[in-house]
Structure formats: C-alpha cells, structure tokens
There are 2 protein chains.
Amino acid sequence: MTAQPDQNTAKARTFISVDAMGGDQGPAAVVAGCLISAKANDEIAFILHGPEATLSPLVSKHPILAERTTIRDAVGIVTMEDKPSQVVRTGKDTSMWSAIESVRSGEASVAVSCGNTGALMALSMIRLRKLPGVNRPAIAVLYPSSNAQGFNVMLDVGADIRADADDLLRYALMGASYARNGLNVDTPRIGLLNVGTEEHKGRTELKEAYDLIRKQEQKAGFEFVGFVEGGDISGSKADVIVTDGFTGNIAIKTGEGTASLIGRRLKEAFKYSLLSQLASLLAYTSLMRLQKKIDPRRVNGGVFLGLNGTVVKSHGSADATGVSAAIKLAAQLVENGFNDKLAARVAAILPTEESPQE
Amino acid sequence: MTAQPDQNTAKARTFISVDAMGGDQGPAAVVAGCLISAKANDEIAFILHGPEATLSPLVSKHPILAERTTIRDAVGIVTMEDKPSQVVRTGKDTSMWSAIESVRSGEASVAVSCGNTGALMALSMIRLRKLPGVNRPAIAVLYPSSNAQGFNVMLDVGADIRADADDLLRYALMGASYARNGLNVDTPRIGLLNVGTEEHKGRTELKEAYDLIRKQEQKAGFEFVGFVEGGDISGSKADVIVTDGFTGNIAIKTGEGTASLIGRRLKEAFKYSLLSQLASLLAYTSLMRLQKKIDPRRVNGGVFLGLNGTVVKSHGSADATGVSAAIKLAAQLVENGFNDKLAARVAAILPTEESPQE
C-alpha cells in the first residue's frame, strides 16, 4: 500500500480505479486480475475500492501488487439485484460509487467494475456527467469477427433501450473513436444495423440516421458502409456496428448464447467415443488456440462512451483472466488519450448540427 | 407427370406446392430436394411450379418423383432483388405466385419456396389473406437450443418490423401452436424477449404484452415464463421466444453469423498442424454428428403463421438437403392439421379481447 496517486514516483504511472466488489466471483478474483495486470504492465497502478479489512490481506500477499495499490475503504456493496435509481440515491458508501469518484476527482484516469451494469451506468452518468453534445451515452463492446483485427465494435448494447437518429450519429462518432484507439483501425468502417441493406428498409429513425451519418462521413474520418444486418456483427463488412441499446443488447446475448451452446455441443461430441476422446487430446492445443481467439474473457469489457471519463464494465462472472483483460483495455484507452479524442470528435459535430450546411 | 391432385389415388397423398425457382442454387437443387423427400416419405406428392421446359427434363429422370409430380408451367421468376410491392402488382406469371395459388385453390395443403422472403410474404398475405383476429402475420423459425427437443421456436423473425402488444399476444398463441405441432411440445413455455427479466424493464408495448399473455396462459394451454433475454433463444428456459420482426430478424442473423464464424475458426484450428489434422480425422464422425445437430440445413424453413394456409420459406441458399428438410416440415405440419388448430386457438381469444373479464 505504498503507492499514492498524488505522489511523485520515478515513473508516471497510469492509475486505474478498480471496484473490487460486486462481481460474481468476489474480491479475490478481482485482486487476482489486478495481480496478472501488474505483472504484465509495469506502467499501471491501482486504486482499489472495497472493505479494507477484506482487501488488505488479499493485496498484501503480493508485494508486486501491494507496492502500487492504494485501497479506498468502502463498506457498501452494490448487488446485481439493486435498482440503479436506489443506488444513485443511497449508494454513497459503496465500492462502486467510490470507484467512479476516483475518476471524477481525477486521481484515476479510468474505472473498472464487474458490478451491476445498470447501477454503474446510472452512477457514471450522475457523477461524471455526459460529454457536451451527447444526449445518450452508450456501452460499446468488442465482438469477435472475421475482420483483420479479429473484432468489431458494437454500440449501444444496453445503456439505453431507445436511440433517435441524433443518438445513432453520436454512436457512430464514438464507435469510430473507440475502433481507432481500442483496435488501431485508422479509418473505421461504420455500419448501421437494420433488417435489410436496402436504403428504403427499416424504421424511420434508421433512415434519418443513415442520412446524418452519411453527411458526416468526410469530416469525421470514417467510412460509412450503410445498412448492415445481424450477420455482419461477426463479419468483415464493417468495423463498427451502430444500433440502439435494445437491439444491441439482444444481439450480443444471442451471440454469446449461441457460441456457448456450440461450445457445449463440441465438448459432448468429443466425449462421445474413445476415438473422439483421443482426438480431443491430439487437438488440444488447436482447440485452446481457438478458445483463446473467441473466448469472451479475453476481450472482456464493455466501455461506457459519452461521459467525462472512461468506465470499463467487466463481465459480472469475470474471473482473474477476465478482470485482467478489462484492466488491459482500460490502460490502453488511457495511454491513447482516448476520451479526449472522443470528446473532440463529438464536439466537432455540434456546429454542423446547429447550422446545417447543405 | 401422372399424379393429379384432384384424382383419386389408392392412398390419399399430401400435396405440397413447391416453387422450383428463385433459390440461389436453381431448380435442379429444388427438384433434387423433392426427390430426397419422395424417397423418404411415401405419402407426399408435389405440384411443382416453374418453366415446364426447364422442369420436365429434371423431373422425368426420376420415375419415383415423376409419378407423383404435377408441373404447373410458370415462366416468370421472382428474383431476390424484386420489390414485394412490384411482385404483388405484376407477378402473376411467376412460379412463386403459382405456388401460392395452389394453396389458395385448395389443391395443395402447403407451399414451399426458397425465393425472396418479402415477396413471398406479400403474395401470401394478398392471396391467402390473414386469419380472423390476426393483424400481423409472423415468420417463425426453429432455433437450435439446449432444450430436450433440441430447438426453440422464435417469431417474428421478419414478416413485419413492428409489433404492438396485441400482435405479440397473437405471436405467443401462434408460436405455441407451432411448438405443439412442429416440435411435439405439449405445453409450450412462452418467453417474451426483452433486455432484462425484471417486470419493470423494457419498452411499453412489452409490458402491455406481458400482461396480455399472462392473462391468456390458462385458456391457451401454454406456460408463460415471462421476460427472457437474448441468451435464452438458444437456452432451455422457454420453448417459444416471442418478439417483433425487427429484433427477431437481427437476433437470428446474429446467431447464424456467430455460428458460422466459429465453424470457420474451428476448421482453421484443425488445419493448423499435422497433429491437429490427425486429430480432425479421428474426430471426424463426432464432428459430423455435431454438424448434423446444429446444421441449419436440417431445420431449414421459416413458417408463415397467421394466414389461411401454410407457407414454408426455405433458405435462399438451400441445397437439396435444405429443400428436403423444408418439405419434411411442411408435410409434418399438414399431417398434424396445424393451420386449423392454430386458427382455432387465435379465434378462441377474440371474445376475451372484446369483453375483458378481470
């Protein structure tokens, strides 16, 4: 517990605010995730939020972690059942609130939490506030795809169940920033999710958004590929899939569920006979390589976009590997100065909106 | 070409009206699919629609098929690019129109087509008309799941991009009928697709639909499990997933895309080294068994529900195996007297709607 965020260290470290509580696997998994990250990346330090009595023994076992972790005592825990509105009103003593507060005060550059998504988004909106020009913040995820970079960005996947045409334009801008800084795609290709690729199809707000996004294409430095379909979420036609939070949430959960069903069926297939069991032994390294490629734990983390500060939401069931992946993503975004760039992109669109030039 | 639908045969056969044109693989694949079905099921006969000059040579090669196939000459072809509204106005000479006409006139009990979904739905609605009490017909598919029967029913997957609470109630009733007659589930469990399982979550029409479906639970002979999420589409919590056509269409295409990405990655993994290639040889039968279980060609066919007649939409890219699966499904539904049962279920709900009893 020697590191202090405000203290001058020989090397300036990236401070990551970590909510140690609220994940399904408890604080030990979160601390184990921090340990993996600390070993892998010398440039990060942690502000860890939760009950000090619980966290201290877990952290102090590992000198490499202890020397760059500050613990912020917070005894309250946001559970998966807590209602966001309730947490916003009465959650001041919670580790989640405390984790967001470290970003608000500027002592950390980014927050990571495995907790209740709705509560985390509500707290982030209230405490960090929305960026100028953003009406609805969004949650963006990386989805395995056949693209060169191996993933597409999809947003919104559940911050808000509604999105009008203006929101969808902002999602396009924010998603493009995320693809540049999170996936190193220079000129991201934006696709607008719809039930067909013809221009005349789909809901009214989608047709409006189509025109708005098309108009910003040049200025915003992305390529707009038009409407895309569900199959393109894992495809190579676009790098960023823009949709409302209702549709996006159902799409990722459908994809996750389908992948998990196939995984279970694959295991059954290999257990079927002695021959197939032998085969699975031989194929072990190949299958592990495959699992590494499509394992959601390796790309664990929805990112909240459109706020004054970056928040990474790790999967509730994340284990140490998952938490460490979320921390890696958080550190990378901070190192790229992601949130400032995103804010500039969204701000640059404002005058055009207010006085449209045809 | 000896079979005539209106002719008394020794054994009464189920006449299936098949649109031979419009699929990506052309009429040869469709005729090959009919041939597979003819060999497998002695009780079906075909009315085949398309240019006689093209179809006759394909059919006459196979006596087993020829003796129970009637060809209806139709020279026009609906392409995947044709707009539904255009086909409805000017498509009288097409094989698709002709195929629907055989159901309308009663000479066939069900139609099967691999063609343009939008045009097929538009033609079906105009020519067959909606069932009393149905405002929006729906397309239902079978989705691989971890349920005992191996599949869930999902609807609507794209007949209409909108659905209000009343439509969703009809979808629940129609989906339950389909699960009973297509999957042999006696008391289907109905789930309403949403972004969370809490009762207070989601869009207004979903909350309304929740109450409407709950109210009909007893009378309609299904079990309502409430809201379900994207992951439940391939899960075991419900047998029937009810949603609007926009969300449903994106969900199935996301699932298909994800499954296909995993399939490609799996093949790459097995090609990686000599050892993994050997493993794939050993695992061959297991992997084939898996493919058979999750192969979309084996459960090929969206069914149009809510019309005066049953129409099965086969995948545009269906090969002979796919076409034959769609024919099998069509025959099974006819044998179960599916459409009459469905109509009775929907009709039974009408009085309750008009004079609600609390």
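An unreviewed UniProt entry annotates chain A as Phosphate acyltransferase originating from Sulfitobacter undariae. As its UniProt record puts it under Catalytic activity (unreviewed entry), chain A is described as follows: "a fatty acyl-[ACP] + phosphate = an acyl phosphate + holo-[ACP]". Listed under Function (unreviewed entry) in UniProt, the entry text for chain A is "Catalyzes the reversible formation of acyl-phosphate (acyl-PO(4)) from acyl-[acyl-carrier-protein] (acyl-ACP). This enzyme utilizes acyl-ACP as fatty acyl donor, but not acyl-CoA."

Visitor: Report on the overall build of chain A, specifying residues and quantitative values.
Guide: The helix and strand inventory of chain A stands at 13 helices and 11 strands. Taking the contacts inside chain A whose residues are at least 6 apart along the sequence as the reference set, 73% of them involve residues at least 24 apart. Roughly 14,400 Å² of accessible area belongs to chain A as shown, and the carbon and sulfur atoms make up 52% of that amount.

Visitor: Tell me about the interface of chain A and chain B, and name the residues and values.
Guide: Across the boundary between the two partners, chain A contributes 52 residues, which contact 52 residues of chain B. Counting the surface lost from both chain A and chain B, the interface buries some 4,600 Å², and carbon and sulfur atoms represent 69% of this. The tally of links between chain A and chain B comes to four salt bridges. For the interface between chain A and chain B, the tally reads 10 residue pairs in polar contact (both at pLDDT 80 or more). Those elements that place two or more of their residues in the side of chain A that touches chain B are strand 5 (138-144), helix 9 (245-271), helix 10 (274-282) and helix 11 (284-294) of chain A. Sorting elements by how many residues they give to the side of chain A that touches chain B places helix 9 of chain A first, with 20 residues.

Visitor: Summarise the packing of helix 9 of chain A against helix 9 (residues 245-271) of chain B; cite the residues concerned and give the values.
Guide: In the contact formed by helix 9 of chain A and helix 9 of chain B, the axes pass within 8 Å of each other and the chain directions differ by 40°. The orientation of helix 9 of chain A with respect to helix 9 of chain B, classified from their angle, is oblique. For the pair helix 9 of chain A and helix 9 of chain B, the crossing hand works out as right-handed. Seen from helix 9 of chain A, the contacting residues are Phe246(A), Thr247(A), Ile250(A), Ala251(A), Thr254(A), Gly255(A), Thr258(A), Ala259(A), Ile262(A), Leu266(A) and Phe270(A); seen from helix 9 of chain B, they are Phe246(B), Thr247(B), Ile250(B), Ala251(B), Thr254(B), Gly255(B), Thr258(B), Ala259(B), Ile262(B), Leu266(B) and Phe270(B). Residue composition of the contact of helix 9 of chain A with helix 9 of chain B, by class: 14 nonpolar, eight polar and no charged.

Visitor: Lay out the relation of the copies chain A and chain B with the relevant residues and their values.
Guide: In the superposition of chain A on chain B (RMSD 0.1 Å, axial shift 0.0 Å), the rotation amounts to 180°. A rotation of that kind, with that shift, is consistent with a two-fold axis. Both copies contact each other with a shared surface, as 100% of the interface residues of chain A are interface residues in chain B too.

Visitor: Account for the sheet that holds strand 3 (residues 69-73) of chain B, with residues named and values stated.
Guide: Residues and elements named next belong to chain B. Overall, mixed pairing links the 11 strands, which are arranged 3-2-1-4-11-10-5-6-9-7-8 in an open sheet. Pairing within the sheet leaves two strands with one partner each, and these edge strands are strand 3 and strand 8 (223-228). Along the sheet, successive strands turn relative to each other by an average axial angle of 25°, direction set aside. Relative to strand 9 (residues 240-242), strand 7 (residues 189-193) runs parallel, the two being bridged by three bridges. Counterpart to glycine 191 in the pairing with strand 9 is isoleucine 241. Against the sheet, helix 9 engages strand 5 (138-144), strand 6 (151-155) and strand 7, with an angle of about 30° to strand 5.

Visitor: Let's hear about the packing of aromatic side chains: which residues, and what values?
Guide: Throughout the structure, instances matching the rule amount to six aromatic pairs over all chains. Both rings, one in Tyr210(A) and one in Phe224(A), keep their centres 5.2 Å apart while their planes meet at 70°; by these two values the pair is edge-to-face. With a gap of 14 residues between them, Tyr210(A) in helix 8 (residues 204-220) and Phe224(A) in strand 8 (residues 223-228) connect regions that are remote in the sequence. One exposure class covers both Tyr210(A) and Phe224(A), and it is buried. Here Tyr178(B) and Phe338(B) contribute two aromatic rings whose centre-to-centre distance is 5.9 Å and whose plane-to-plane angle is 50°, an arrangement assigned as tilted. Linking Tyr178(B) in helix 7 (residues 165-183) with Phe338(B) in helix 13 (residues 338-354), this pair joins segments that are 160 residues apart in sequence. Summarising the burial analysis for this pair, Tyr178(B) and Phe338(B) share the class buried. The ring of Phe246(B) has Arg203(A) lying over it, and the distance from NZ or CZ to the ring centre is 4.0 Å.

Visitor: Please provide a residue-by-residue account of the confidence of the model for chain A, values included.
Guide: All names here are of chain A. For chain A, per-residue confidence averages 88 on the pLDDT scale, and residues scoring 70 or more make up 88% of the total. Low confidence marks residues 6-10, where pLDDT is under 50. Its contacts with residues over four positions away, or in another chain, come to one contact. pLDDT under 50 marks residues 352-358. Its contacts with residues more than four places away, or in other chains, come to eight contacts.

Visitor: Go over the environment of Ile139(A) with me, naming the residues and quoting the values.
Guide: Residues and elements named next belong to chain A. Topologically, isoleucine 139 is positioned in strand 5. When the C-alpha atoms of isoleucine 139 and glycine 301 are compared, they prove to be 9.6 Å apart, with 162 residues separating the residues in sequence. Leave out the neighbours within four places in its chain, and isoleucine 139 touches Thr117, Met121, Met154, Leu155, Asp156, Val157, Gly158, Ala159, Gly302, Val303 and Phe304.

Visitor: Any chance you could break down the sheet that holds strand 7 (residues 189-193) of chain A for me, citing the residues and the numbers?
Guide: Residue and element names in this part refer to chain A. Ordered by their spatial adjacency, 11 strands build an open sheet running 3-2-1-4-11-10-5-6-9-7-8, and the pairing between neighbours is mixed. Every other strand in the sheet has two partners, leaving strand 3 (69-73) and strand 8 as the edge strands with one partner each. Direction aside, the axes of adjacent strands within the sheet are offset by 25° on average. Summarising the sheet, strand 6 (residues 151-155) and strand 9 (residues 240-242) pair through three bridges and their orientation is parallel. Counterpart to valine 153 in the pairing with strand 9 is valine 240.

Visitor: Lay out helix 9 of chain A with the relevant residues and their values.
Guide: The end-to-end C-alpha distance of helix 9 of chain A is 39 Å, a good match for the 39 Å that 27 residues give at a rise of 1.5 Å each. Two to three positions downstream of the cap, the backbone nitrogen of Phe246(A) sits 3.0 Å from a side-chain oxygen, assigning the N-cap of helix 9 of chain A to Asp244(A).

Visitor: Explain the environment of Arg265(B) to me, using residue names and the numbers behind them.
Guide: Counting through the fold element by element, Arg265(B) comes out in helix 9. By relative accessible area, Arg265(B) is classed as buried at 11%. Here the side chain of Arg265(B) touches Ser145(A) through a polar contact of 3.0 Å, landing on its backbone oxygen.

Visitor: Outline unusual backbone geometry, listing residues and values.
Guide: Residue and element names in this part refer to chain A. Looking along the chain, the bond that leaves leucine 155 and enters aspartate 156 is cis, with omega of -5°. We note that asparagine 184 has phi near 55°; this positive angle belongs to a residue other than glycine. Tracing the backbone shows asparagine 184 in the loop between helix 7 (165-183) and strand 7. Assessed through its relative accessible area of 58%, asparagine 184 is described here as exposed.

Visitor: Tell me about helix 2 (residues 52-60) of chain B, residues and numbers included.
Guide: Buried within helix 2 of chain B are the following residues: Leu55(B), Ser56(B), Leu58(B) and Val59(B). Those residues of helix 2 of chain B that are buried lie in contact with helix 1 (26-40), strand 2 (44-50), helix 3 (63-66) and strand 3 of chain B.

Visitor: Explain the pattern of salt bridges to me, using residue names and the numbers behind them.
Guide: Residue and element names in this part refer to chain A. If you walk through the whole model with that rule in mind, you get 28 salt bridges over all chains. A salt bridge links arginine 136 to aspartate 160, with the nearest nitrogen and oxygen atoms 2.9 Å apart. Linking arginine 136 in the loop between helix 6 (117-128) and strand 5 with aspartate 160 in the loop between strand 6 and helix 7, this pair joins segments that are 24 residues apart in sequence. Exposure remark for arginine 136: the relative accessible area of 16% places this residue in the buried category.

Visitor: Can you tell me about the environment of Leu261(B), naming the residues and giving the values?
Guide: For Leu261(B), the position within the fold is in helix 9. Those residues in contact with Leu261(B) that lie beyond four places of it in its chain are Pro144(A), Ser145(A), Ser146(A) and Ser234(A).

Scoring rules and cut-offs
Here the residue numbering is sequential within each chain, running from 1 through the sequence in written order. In the order they appear in the text, chains get letters beginning with A and ligands get numbers beginning with 1. A pLDDT threshold of at least 70 governs which residues receive local features in this predicted model, and a stricter bar of 80 or more applies before side-chain atom pairs are shown or counted, although totals over entire chains, interfaces and linings include all residues. Hydrogens are left out, water is left out, and the side-chain values use all remaining heavy atoms of the structure. UniProt positions are given in the numbering used here, feature names are shortened, and annotations may be inferred rather than shown by experiment. Secondary structure is summarised from DSSP: a helix means a run of H or I of at least four residues, a strand means a run of E of at least two, and numbering begins at the N terminus for each. Contacts: residue pairs with any heavy atoms within 4.5 Å of one another. Surface exposure here means Shrake-Rupley accessible area, sampled with a 1.4 Å probe, where a residue is shielded only by the protein chains that are shown. Take the accessible area each of two parts loses on contact, using a 1.4 Å probe, and add the two losses: that sum is the buried area. Salt bridge, as used here, is a side-chain nitrogen of Lys or Arg placed within 4 Å of a carboxyl oxygen of Asp or Glu. Two N or O atoms count as a polar contact when they lie within 3.5 Å, although within protein this holds only if one can serve as hydrogen donor and the other as acceptor, and sequence-adjacent residues are included solely when both atoms are side-chain atoms. Note on definitions: angles span 0 to 180 degrees between N-to-C directions of axes, and those axes are lines fitted to C-alpha atoms, for helices only across the stretch in contact. Oblique is the label for any angle not under 35 degrees, not over 145, and not in the 65 to 115 range, which are roughly parallel, roughly antiparallel and roughly perpendicular in turn. Left-handed describes a crossing whose near helix is turned anticlockwise from the far helix by less than a right angle; the clockwise case is right-handed. When residues are grouped by polarity, Ala, Val, Leu, Ile, Met, Phe, Trp, Tyr, Cys and Pro land in nonpolar, Asp, Glu, Lys and Arg in charged, and all others, Gly among them, in polar. Each copy is superposed on the other by least squares, with the fit set by C-alpha atoms of residues at a pLDDT of at least 70 in both. A pair of strands is labelled paired if DSSP reports no fewer than 2 bridges between them. Any two of the Phe, Tyr and Trp rings considered here, Trp counted by its six-membered ring, make a pair once their centres fall within 6.5 Å; the pair's planes then place it as stacked at under 30 degrees, edge-to-face at over 60, or tilted in between. Burial here depends on accessible area, computed with a 1.4 Å probe over protein chains only, as a share of the maximum for the residue type. Under 20% is buried, over 50% is exposed, and the range in between is partly exposed. Here, a charge over a ring means that NZ of Lys or CZ of Arg falls within 6 Å of the ring centre while also lying within 35 degrees of the ring normal. How sure the predictor is of each residue is captured by pLDDT, a score from 0 to 100. To estimate how far a helix should reach, multiply one less than its number of residues by 1.5 Å.

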